[in-house]
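# Notes for the structure review
Spelled out from the first residue to the last, the chains are:
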Amino acid sequence: MLGQTINNDWGELLQGEFQKPYFAALEEFLQIEYAEQTIYPAKNDIFNALRYTPFQNVKAVILGQDPYHGPDQAQGLSFSVKPGVTLPPSLKNIFKELHQDCGCNIPKDGSLIKWAEEGVLMLNTVLTVRKGNAHSHKGRGWENFTNEVIRLLNSKETGVVFILWGIPAQSKLELIDTDKHHVITSPHPSPFSANKGFFGSRPFTKTNEALGKEGQQKIDWCL
């Protein structure tokens, strides 16, 4: 079973999801897809977002859609790519805003594992994709699973900062108690929308301001 590879508190919290009929159907679908197609990320990396950021450590969430579908890009964290891979356009724009917002040097590598280890859950709403075919695993069950992840985070006693870039991410607002948690919204960092309000939105300092109000340790965003 896929879920048996999450060896932290998420594994226990999501145990009920792994036993539901939709997840069994999803596993069956993925078994065929990985056997017959090129699927990203590698099977062992599917749950990296949950592995790198245990439930108890989550301070903030950056929500993406589905993994990058180019060769050797996806590593199981939203917006993140493996070291040595050319930066995708959206990630380049995220790094530009990071520089303007926090003064951090623009990284040469696009791996966001450091953010995950700082307590930022880098979650895609769909966790797998066919090579060269964006949204190809949409509607197969991953949305049910990641909605439950968001519901669990919504149940946390400490406030979580949800960073929702673009309309698909913002559609998850209905799962979030905005009186209890902090929500930061802006257009998506893609080249098609970054100039419409993503640049200048200061999501990184706003997140740290919200964490400060919660009495939580701020995130070191510089990579």
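In short, a report on the structure. (Residues numbered from 1 in each chain as written. Predicted model: local features only at pLDDT ≥ 70, side-chain atom pairs only at ≥ 80, totals over all residues. Heavy atoms only, no water.)

## Some remarks on the packing of aromatic side chains
- Per the stated rule, a full pass over the model turns up 16 aromatic pairs.
- Centre to centre, the rings of Phe23 and Phe145 are 5.6 Å apart; their planes meet at 45°, and the pair counts as tilted. Of this pair, Phe23 sits in helix α3 (residues 21-36) while Phe145 sits in helix α7 (residues 142-154), and the two are 122 residues apart along the sequence. For the pair shown, Phe23 and Phe145 are each scored as buried.
- Through a chain of ring-to-ring contacts, the aromatic side chains of Phe18, Tyr22, Phe23, Phe47, Trp142 and Phe145 assemble into a single cluster.
- Its end group placed over the ring of Phe55, Lys156 keeps NZ or CZ at 4.9 Å from the ring centre. (Phe/Tyr/Trp six-rings, centres within 6.5 Å; stacked < 30°, edge-to-face > 60°. Helix = DSSP H or I, 4+ residues; strand = E, 2+ residues; numbered from the N terminus. Buried < 20%, exposed > 50% of the residue type's maximum accessible area, 1.4 Å probe, protein only. Lys NZ or Arg CZ within 6 Å of the ring centre and 35° of its normal.)

## With respect to unusual backbone geometry
- The peptide bond linking Tyr40 to Pro41 adopts the cis configuration, its omega dihedral lying at -5°.
- Summarising the element assignment, Pro41 is placed in the loop between β1 (39-40) and α4 (48-52).
- In this model, Asp72 sits at a positive phi of 60°, which is unusual for a non-glycine residue.
- Turning to its location among the elements, Asp72 is positioned in the loop between β2 (60-64) and α5 (89-102).
- For His135, which is not glycine, the phi torsion reads 65° and is therefore positive.
- Within the secondary structure, His135 is located in the loop between β4 (129-130) and α7.

## Digging into the sheet that holds strand β6 (residues 182-186)
- Read from one edge of the open sheet, four strands run β3-β2-β5-β6, paired in parallel fashion. Lying at the two open borders of the sheet, with one neighbouring strand each, are β3 (120-124) and β6. Strand after strand, the sheet turns through a mean of 20° between neighbouring axes, direction not considered.
- Strand direction decides the pairing type here: strand β5 (residues 161-165) and β6, joined by five bridges, are parallel. Counterpart to Ile163 in the pairing with β6 is Ile184.
- Along the sheet, α7 contacts β2, β3 and β5; its crossing angle with β3, the most-contacted strand, is approximately 155°. (Pairing = 2+ DSSP bridges. Axes fitted to C-alpha atoms, helices over the stretch in contact; angles between N-to-C directions. Contact = heavy atoms within 4.5 Å.)

## Quick word on helix α9 (residues 203-213)
- The set of residues buried in α9 consists of Pro203, Phe204, Thr205, Thr207, Asn208, Ala210 and Leu211.
- Those residues of α9 that are buried lie in contact with β2, α5, α6 (113-117), β5 and β6.
- Just past α9, the residue Gly215 takes up positive phi, approximately 75°.

## So, the pattern of salt bridges
- Evaluation of the coordinates by the stated rule reveals seven salt bridges.
- Of the charged contacts, one joins Asp101 and Arg202 as a salt bridge, the two residues approaching to 3.6 Å between their closest N and O atoms. Here Arg202 lies in the loop between β6 and α9 and Asp101 lies in helix α5, a separation of 101 residues in the sequence.
- Arg202 gets classed as partly exposed once you look at its relative accessible area, which sits at 36%.
- Close ionic contact of Lys114 with Asp220 constitutes a salt bridge, the shortest N to O distance being 3.4 Å. With Lys114 in helix α6 and Asp220 in the segment after α9, the pair connects residues that are 106 residues apart, well separated along the chain.
- Residue classification places Asp220 among the partly exposed positions, given a relative accessible area of 39%.
- It is possible to trace a salt-bridge network through shared partners that takes in Asp101, Arg202 and Glu209. (Salt bridge = Lys/Arg side-chain N within 4 Å of Asp/Glu carboxyl O.)

## Digging into the packing of α5 against α9
- In the contact formed by α5 and α9, the axes pass within 8 Å of each other and the chain directions differ by 60°. Looking at the two axes, α5 sits oblique to α9. Judged by residue contacts, Ile94, Glu97, Leu98, Asp101 and Cys102 of α5 engage Pro203, Phe204 and Thr205 from α9.
- Of the residues assigned to the contact of α5 with α9, the class counts are five nonpolar, one polar and two charged. (Parallel < 35°, antiparallel > 145°, perpendicular 65-115°, else oblique. Nonpolar A, V, L, I, M, F, W, Y, C, P; charged D, E, K, R; others polar.)

## Digging into the environment of Ile6
- Within the element layout of this structure, Ile6 appears in the segment before α1 (9-13).
- Those residues in contact with Ile6 that lie beyond four places of it in its chain are Gly11, Phe18, Phe47 and Leu50.

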